[in-house]
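# Coordinate inspection notes
What follows is the residue order along each chain.
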Amino acid sequence: WAVAITRKYQWPVSISLLDHDAVVVRFSTVPDSSVSPFHKTVNMRLPLLTRGMGLAYFAFTPTEEFDLLVEMLRRSDDPENSLAHHPDRLDKIVQQIRQQGYASRARHVEPRNSNTIAVPIMNEADRVVASLGLTYFTSAFPESEACERYVPVLKSASAEITQDLARIRSSFV
């Protein structure tokens, strides 16, 4: 699904998985994209509270996991985890992401010449298992236009991935 999106729209797409207190890019179409802001992203660690792919995962975690993650992030010295010390602001951001169904990178973090829009990938039990993100140059269009163009594409791909995961799982039962 990620490769198909990159072939159609040119922008690189990545899939990330939770790794302790961040998400890590485990698949990327950066090599397939002629307009990628990055040279490589596989194995890149992305904080949960400031990066689109991290927020897309974090915002959709079940309450118990959410609370554990917040506790870990509160003990972190990484400035990108400082939002964990502001529960009211964090709640507001999480509620907004849940309502709109996607997240994007915080504006104050580098690189500022690009942005990532990301959605959660859920399993058949409606539990987040990964995040799917598309990265674009901010000079190409404003964030609102990027979201209008690509959020439906990402949500559709995420739903298809969920169906594929269910088919794969049922073939082993």
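What you see is a predicted model, and the numbers here were worked out from it, not measured in a lab.

### What about the layout of surface pockets?
Its boundaries defined by the atoms lining it, the largest pocket holds a volume of some 440 Å³. Within the residue set of the lining of the largest pocket, elements represented by two or more residues are α4 (87-100) and β4 (103-104). Broken down by element, the lining of the largest pocket gets its largest block of residues, 5 residues, from α4. Class assignment of the residues belonging to the lining of the largest pocket gives a composition of 9 nonpolar, 6 polar and 5 charged.

### Description of the pairing of strand β5 (residues 114-122)
Counting buried residues along β5, 9 of its 9 residues qualify, which places the element largely inside the surrounding structure. Looking at chain direction, β5 and strand β6 (residues 128-137) are connected through 9 bridges and run antiparallel. For N115, the partnering residue across the bridge sits in β6 and is Y136. With antiparallel pairing between neighbouring strands as the criterion, β5 and β6 make up a hairpin whose turn holds 5 residues, including D126 at a positive phi of roughly 65 degrees.

### Considerations on the nonpolar core
Counting 24 residues, the largest nonpolar core has V23, L48, L49, F58, L73, L90 and V94 as the members making the most contacts within it. Of all the elements in the fold, those that place two or more residues in this core are β2 (22-28), α2 (52-58), α3 (63-74), α4 and β5. Sort the elements by how many residues they give to this core and α2 lands first, with 5 residues.

Reading the values: the criteria
Residues numbered from 1 in each chain as written. Predicted model: local features only at pLDDT ≥ 70, side-chain atom pairs only at ≥ 80, totals over all residues. Heavy atoms only, no water. 1 Å grid on protein atoms, 1.4 Å probe; cavity = no way out; pocket = protein on both sides within 12 Å on 5 of 7 lines; lining within 4 Å. Points joined across faces, edges and corners; volume = space filled by probe spheres on them. Helix = DSSP H or I, 4+ residues; strand = E, 2+ residues; numbered from the N terminus. Nonpolar A, V, L, I, M, F, W, Y, C, P; charged D, E, K, R; others polar. Buried < 20%, exposed > 50% of the residue type's maximum accessible area, 1.4 Å probe, protein only. Pairing = 2+ DSSP bridges. Core = buried A, V, L, I, M, F, W, Y, C linked by side-chain atoms within 4.5 Å.

Note that all results are geometric; they support no functional claim without further evidence.
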